[in-house]
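Structure assessment
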Amino acid sequence: MSQQYVAAIDQGTTSSRCILFDQDGRIVSVDQREHRQIFPKPGWVEHDALEIWTNVEAVVQESLQKSDITPDQIAAIGITNQRETTLLWDKETGEPVYNAIVWQDTRTDDIVRELGTQEGQDRFRPKCGLPLATYFSGPKIRWLLDNVEGVRERAERGELLFGTMDTWLIWKLTGRHVTDVTNASRTMLMNLATLDWDTEILEAMQIPASLLPEIRSSSEVYGESTGYLAGTPVAASLGDQHAALFGQTCFDPGDVKGTYGTGTFLVMNTGTEPVTSNNGLLTTLGYKIGDAPAVYALEGSIAVTGSLVQWLRDNLGLISTAPEIETLARTVDDNGGCYIVPAFSGLFAPHWDSDARGVIAGLTGYVNKGHIARAVLEASAWQTREVVDAMNADSQIDLTTLKVDGGMTADNLLMQILSDVLDAEVVRPMVAETTCLGAAYAAGLAVGYWPDIETLRANWHKAAEWNPKMASDVREREYHNWNKAVQRTRSWVEHEDNK
Ligand SMILES: Nc1ncnc2c1ncn2[C@@H]1O[C@H](COP(=O)(O)OP(=O)(O)O)[C@@H](O)[C@H]1O
Ligand SMILES: O=P(O)(O)OC[C@H](O)CO
């Protein structure tokens, strides 16, 4: 038989990609296409789901053709995706009833506030692990039902289907209406204990159960693909941060990965029982491989990290490419007393303060552009420290090693700063595309392309590591100053009713 590969489709916020992997977990081919970001009003962000589908079809075909690989050489397809982004479509025609509402979209502000009025924002947290927030899918479904003409009636007649992007793609590929536990865990509608939709939450949010897909494991054959890869099993689905956890082979309780892109998502494997967070983290699913018990996780989501580097480049013009920040930051030995807290649209974990706004603190006549660049890099590191402190407290496991991936990890100075502020080892793997790798691994396991997770562990190779060099009194002084700067951002936005 000719050489076989596994295809991973990563349907992300800005683009869709297909990567082909071989048995050693090495990348054989990649193709990628961006889709439009639709901003109908301030705070609203939408995607055209049909455009995304066309792009996915194109990148799958192109990734094979680029490397002269034929469809019969693909053993399985794994899907990973931007999470929470919400779509409703007609089950007969396949027509979306509205654009997909993206995870960043804040139009559900009022719905979220209203749902939390009497019982508070943590009303559903004991069941679904999440605070009420515009981020998650449930309130977005409710908005579509309440605001798009005829949608509630059609939903109640059983004519419509809901899906996050994994569900949409699996339905387009196989005709099956399914999702996996990781994606379902981001809707607010799944009960973490039963791994099924929670009737009480559905009632409170007025969402008909007929809309919802069947919840399956992250690694099993959901159906066979039609189209270009006709007959190939579609065998994995994981939200992108969960896929990165799996791709980084964070298989043991206490293992943590951090993905440093536009924002940063830290996820800790907490084993086969959910851990309740008392420190501003999300309780979520790690992954579930076939019939094996589900693995749970704690997540700390940070909204602005790489995008602060982009801001320095695009809004301040202090650098002309993102990698130049490292050169500029290396022109100085420290931050010169300057701290930047990038609360551009509030603070996510562990503060969850939508009224915070960014500050540059500690400015004196001494501070120059090198110090500013350094403070930009340090902001990613200190935000990580806040999340790691919360993880250590919630899990009672102290972080010793952080496995990193994502575009920002190319920055060696940032990686050293990260190790210094965490007082922990930071390691970067050979294959940096851990999100796609995780989806490929889960799909390959389902069809026997890889025999077990121990084989996957053996595929993980360290490319670089950083160890702490900072004296502990300096670390504590800097953290104290960072915390003072964070305090300056809090409750900046004053609501009309508070004035
Ligand atoms: N050398 C670098 N130093 C610091 N930040 C960088 C560097 N290279 C890229 N970035 C930042 O990383 C982000 C891109 O990473 P990527 O993983 O592609 O993000 P995403 O998947 O969220 O689109 C950008 O926000 C960019 O500013
Ligand atoms: O597509 P990304 O990499 O921006 O990831 C988005 C996250 O899944 C949102 O929760």
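As recorded in an unreviewed UniProt entry, the chain goes by Glycerol kinase and comes from Nocardiopsis exhalans. Its UniProt record, at the heading Function (unreviewed entry), says of the chain: "Key enzyme in the regulation of glycerol uptake and metabolism. Catalyzes the phosphorylation of glycerol to yield sn-glycerol 3-phosphate." According to its UniProt record, the chain has this under Sequence similarities (unreviewed entry): "Belongs to the FGGY kinase family."

1. As for unusual backbone geometry
Omega for the peptide link from A349 to P350 comes to -5 degrees, which places this bond in the cis form. Within the element layout of this structure, P350 appears in the loop between strand 19 (339–341) and strand 20 (359–361). Even without a glycine there, the phi angle at M188 is positive, about 80 degrees. Relative to the helices and strands, M188 resides in the loop between helix 7 (181–184) and strand 10 (190–191). By relative accessible area, M188 is classed as buried at 0%. With a phi angle near 60 degrees, Q396 is a residue other than glycine that sits in the positive phi range. Within the secondary structure layout, Q396 lies in the loop between helix 12 (369–395) and strand 21 (401–405).

2. Considerations on the environment of D68
By the element assignment, D68 lies in the loop between helix 1 (49–66) and strand 5 (74–81). Judged by its relative accessible area of 67%, D68 is exposed. Along the backbone, D68 and A443 are 375 residues apart, and their C-alpha atoms lie at a distance of 22 Å.

3. What about the site of ligand 1?
Every one of the 13 residues lining ligand 1 counts as a neighbour, but T262, G306, Q310, G407 and D411 are closest to it. Taking D411, its side chain carries an N or O atom lying 2.8 Å from a nitrogen atom of ligand 1. Protein chains bury 70% of the 590 Å² of accessible surface belonging to ligand 1 in isolation. Here the shell around ligand 1 takes four residues from helix 10 (residues 306–314), the largest share from any one element. Of the residues that constitute the shell around ligand 1, the class distribution is five nonpolar, seven polar and one charged.

4. A look at helix 14 (residues 434–446)
Taking 1.5 Å per residue, 13 residues should reach 18 Å; helix 14 reaches 18 Å between its end C-alpha atoms and fits that length. Turning to helix 14, its buried residues are T434, T435, C436, L437, G438, A439, A440, Y441, A442, A443, G444 and L445.

What counts, and at which threshold
- Residues numbered from 1 in each chain as written.
- Chains lettered and ligands numbered in written order.
- Predicted model: local features only at pLDDT ≥ 70, side-chain atom pairs only at ≥ 80, totals over all residues.
- Heavy atoms only, no water.
- UniProt positions renumbered as here; feature names shortened; annotations may be inferred.
- Helix = DSSP H or I, 4+ residues; strand = E, 2+ residues; numbered from the N terminus.
- Buried < 20%, exposed > 50% of the residue type's maximum accessible area, 1.4 Å probe, protein only.
- Near = heavy atom within 4 Å.
- Polar contact = N/O pair within 3.5 Å; in protein donor to acceptor, adjacent residues only side chain to side chain.
- Areas by Shrake-Rupley, 256 points an atom, 1.4 Å probe, with all protein chains shown as cover.
- Nonpolar A, V, L, I, M, F, W, Y, C, P; charged D, E, K, R; others polar.
- Expected span 1.5 Å × (residues − 1).

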